[in-house]
Amino acid sequence: ATIIYESGKILLGSTRGDGKQGENITENIKTIASIPKLLKGNFPKKLEIRGEIFMTNTEFELLNNYRKSNSLSLFSNPRNAAAGSVRQLDPTITQSRKLEFFAYGWGQLSSSIGTRLIDVRNNIESFGFKINKPYKLCTNIEDMISFYEDLYRNRPNLEYDIDGIVYKLNNIELYDRLGATEHSP
């Protein structure tokens, strides 16, 4: 999902869609407790935050137990349940599903929020967003492998599903210079 803030207030929320056009889900994202309705701190006048709307494994089990006891079809996994929940026409249904949001990136900015990714993440968190943890600033390949092994061992203890690890450059200038494809940084 992407959320655009103007003067610290939610202006628009949308799904990623096909990378060029998504669905307007503004009213639904306003019901997600972990998405700030009003930003805190020293935020830019215009700020686009990108992130992942998800459902914890516990909430997924509760939802499917409810659906089963009411003879409704079950969701196959938390990702599908979250996607279906945030696209509801009735925001009260979205709110009842107890979705969560991790901010992981940015788009349009009226002013910089950092020159290093670690600073950007800290600033995004200071604006009131949850960021995905654990994370680690690695300085060499051994650190990267060690972090991967630690996360892989602890993966069953996470309250949410993950596909794997995303490694990113800390230097924003180099990150921008490398560019992106239609689907990947």
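Not measured: the values here are computed from a predicted model.

So, the pattern of salt bridges
Applying the stated rule across the entire model yields ten salt bridges. Asp163 is the partner of Arg79 in a salt bridge, and the nearest nitrogen-oxygen pair spans 3.2 Å. Placement of the pair is Arg79 in helix α3 (residues 78-86) and Asp163 in the loop between α6 (141-154) and α7 (172-178), with a sequence separation of 84 residues. Ionic pairing is found between Lys133 and Glu125, a salt bridge with its closest N-O pair at 3.0 Å. A relative accessible area of 43% places Lys133 in the partly exposed class.

A closer look at the side chain of Asn28
As for its placement among the helices and strands, Asn28 is situated in helix α1 (residues 26-29). In this structure Asn28 comes out as buried when scored by relative accessible area, which is 5%. From its side chain, Asn28 meets the backbone oxygen of Val86 in a polar contact 2.7 Å long. A polar contact is formed between the side chain of Asn28 and the backbone oxygen of Gln88, at a distance of 2.7 Å. Residues within four places of Asn28 in sequence aside, it is in contact with Ser85, Val86, Arg87, Gln88, Asp90, Pro91 and Thr94.

Let's talk about the packing of aromatic side chains
In the structure shown here, the tally under the stated rule is eight aromatic pairs. With a centroid separation of 6.2 Å and 55 degrees between ring planes, the pair formed by Phe101 and Phe129 is classed as tilted. Placement of Phe101 in strand β4 (residues 100-109) and of Phe129 in the loop between α5 (117-126) and α6 is noted, with a sequence separation of 28 residues between them. What makes Phe101 buried here is its relative accessible area of 0%. Site record: aromatic cluster; members linked through ring pairs are Tyr5, Phe101 and Phe129. Sitting above the plane of the Tyr135 ring, Arg121 keeps its charged end 3.9 Å from the centroid.

Cut-offs used in this document
Starting from 1, residues in each chain are numbered consecutively following that chain's sequence as written. Local features in this predicted model are restricted to residues whose pLDDT is 70 or higher, and side-chain atom pairs enter the listing and the counts only when it is 80 or higher, whereas totals over whole chains, interfaces and linings include all residues. Note that water and hydrogens are dropped before the side-chain values are worked out from all heavy atoms of the structure. By salt bridge we mean one thing: a side-chain nitrogen of Lys or Arg within 4 Å of a carboxyl oxygen of Asp or Glu. Numbering goes from the N terminus for both helices and strands, where a helix is a DSSP run of H or I of at least four residues and a strand is a run of E of at least two. Exposure classes here rest on a 1.4 Å probe applied to the protein chains alone. A residue is buried below 20% of its type maximum, exposed above 50%, and partly exposed in between. Two N or O atoms count as a polar contact when they lie within 3.5 Å, although within protein this holds only if one can serve as hydrogen donor and the other as acceptor, and sequence-adjacent residues are included solely when both atoms are side-chain atoms. Two residues form a contact once any of their heavy atoms are found within 4.5 Å. Note on aromatic pairs: the rings of Phe, Tyr and Trp (six-membered ring only in Trp) are paired at centre separations within 6.5 Å, and the planes decide the class, stacked below 30 degrees, edge-to-face beyond 60, tilted for the rest. Placement of a positive charge over a ring is assigned whenever Lys NZ or Arg CZ falls within 6 Å of the ring centre and within 35 degrees of the normal to the ring plane.

Remember, this is a structural readout, not a statement about activity or role.
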